[in-house]
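# Breakdown of the fold
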Amino acid sequence: DFFGWYAQVGWFITGESRKFKKTSGSWSRTSPKANFWTGEGGRGAVEIAIRWDSTDLTDANIDGGEMDSLSVNVNWYWNPNTRMMFGYVWTDITGGPNVSGDANLNYVIIRWQIDF
């Protein structure tokens, strides 16, 4: 058996919120109060999110190692279908078949997403 978990918190600094749909058990689409790039001067929605996660892939005869990550992200929702994501991730890897001792990774993520 393997074990993993994560905890995440986010805050829309522009005042929006994300609704939870109980019927499907999922989050609904984020709709900015004023869409960006419409000619009306809207700035979209901006969210700051922090996430901590941990994964343990070691059990019995399997040495898959352990990984802990901390990420800090800024998500910019242009409209309900488009967003840009900027993030920094720090990762610590211990054990596993390809790591002797501890390994640390630091990386920056930039992603543009269109959802329809």
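Preceding this paragraph is the structure being described.
Residues numbered from 1 in each chain as written. Predicted model: local features only at pLDDT ≥ 70, side-chain atom pairs only at ≥ 80, totals over all residues. Heavy atoms only, no water.

With that settled, the discussion passes to the layout of surface pockets. Of the pockets and cavities examined, the largest pocket occupies roughly 540 Å³. Around the largest pocket sit 24 residues that line it, and Asn75, Tyr77, Arg83, Met85 and Arg111 are the ones nearest its centre. Elements with a contribution of two residues or more to the lining of the largest pocket: strand E4 (45–59), strand E5 (62–79), strand E6 (82–94) and strand E7 (102–114). Across the lining of the largest pocket, the residue classes break down as 6 nonpolar, 11 polar and 7 charged. Taken together, Tyr6, Gln8, Val9, Gly10, Trp11, Phe12, Arg18, Trp27 and Glu47 make up the lining of the second largest pocket. No other element matches the 6 residues that strand E1 (residues 3–12) contributes to the lining of the second largest pocket. (1 Å grid on protein atoms, 1.4 Å probe; cavity = no way out; pocket = protein on both sides within 12 Å on 5 of 7 lines; lining within 4 Å. Points joined across faces, edges and corners; volume = space filled by probe spheres on them. Helix = DSSP H or I, 4+ residues; strand = E, 2+ residues; numbered from the N terminus. Nonpolar A, V, L, I, M, F, W, Y, C, P; charged D, E, K, R; others polar.)

Here Asp56 lies in strand E4. When its relative accessible area of 24% is taken as the criterion, Asp56 is described as partly exposed. For the pair Asp56 and Gly95, spaced 39 residues apart in sequence, the C-alpha separation works out to 9.9 Å. In contact with Asp56, not counting residues within four places along its chain, are Phe2, Phe3, Gly65 and Glu66. At 3.0 Å, the side chain of Asp56 forms a polar contact with the backbone nitrogen of Thr58. (Buried < 20%, exposed > 50% of the residue type's maximum accessible area, 1.4 Å probe, protein only. Contact = heavy atoms within 4.5 Å. Polar contact = N/O pair within 3.5 Å; in protein donor to acceptor, adjacent residues only side chain to side chain.)

Read from one edge to the other, the open sheet built from 5 strands follows the order E1-E4-E5-E6-E7, with strand pairing classed as antiparallel. Each edge of the sheet is formed by a strand with only one pairing partner; in this case those strands are E1 and E7. The sheet shows a mean angle of 15° between the axes of neighbouring strands, taken without regard to direction. Of the pairings in the sheet, the one linking E5 to E6 comprises 13 bridges and is antiparallel in character. By the bridge assignment for E6, Tyr77 is matched with Arg83. (Pairing = 2+ DSSP bridges. Axes fitted to C-alpha atoms, helices over the stretch in contact; angles between N-to-C directions.)

Glancing now at the packing of aromatic side chains. Following the criterion strictly, the structure yields 7 aromatic pairs and no others. Relative to Tyr77, the ring of Phe12 has its centre 5.7 Å away and its plane inclined at 45°; by these criteria the two rings are tilted. In this pair, Phe12 is assigned in strand E1 and Tyr77 in strand E5, connecting sequence segments 65 residues apart. Assessed through its relative accessible area of 9%, Phe12 is described here as buried. Within the aromatic cluster, the residues linked to one another by ring pairs are Phe36, Trp76, Trp78 and Trp112. Taking NZ or CZ as reference, Arg51 lies 3.9 Å from the ring centre of Tyr6, over its face. (Phe/Tyr/Trp six-rings, centres within 6.5 Å; stacked < 30°, edge-to-face > 60°. Lys NZ or Arg CZ within 6 Å of the ring centre and 35° of its normal.)

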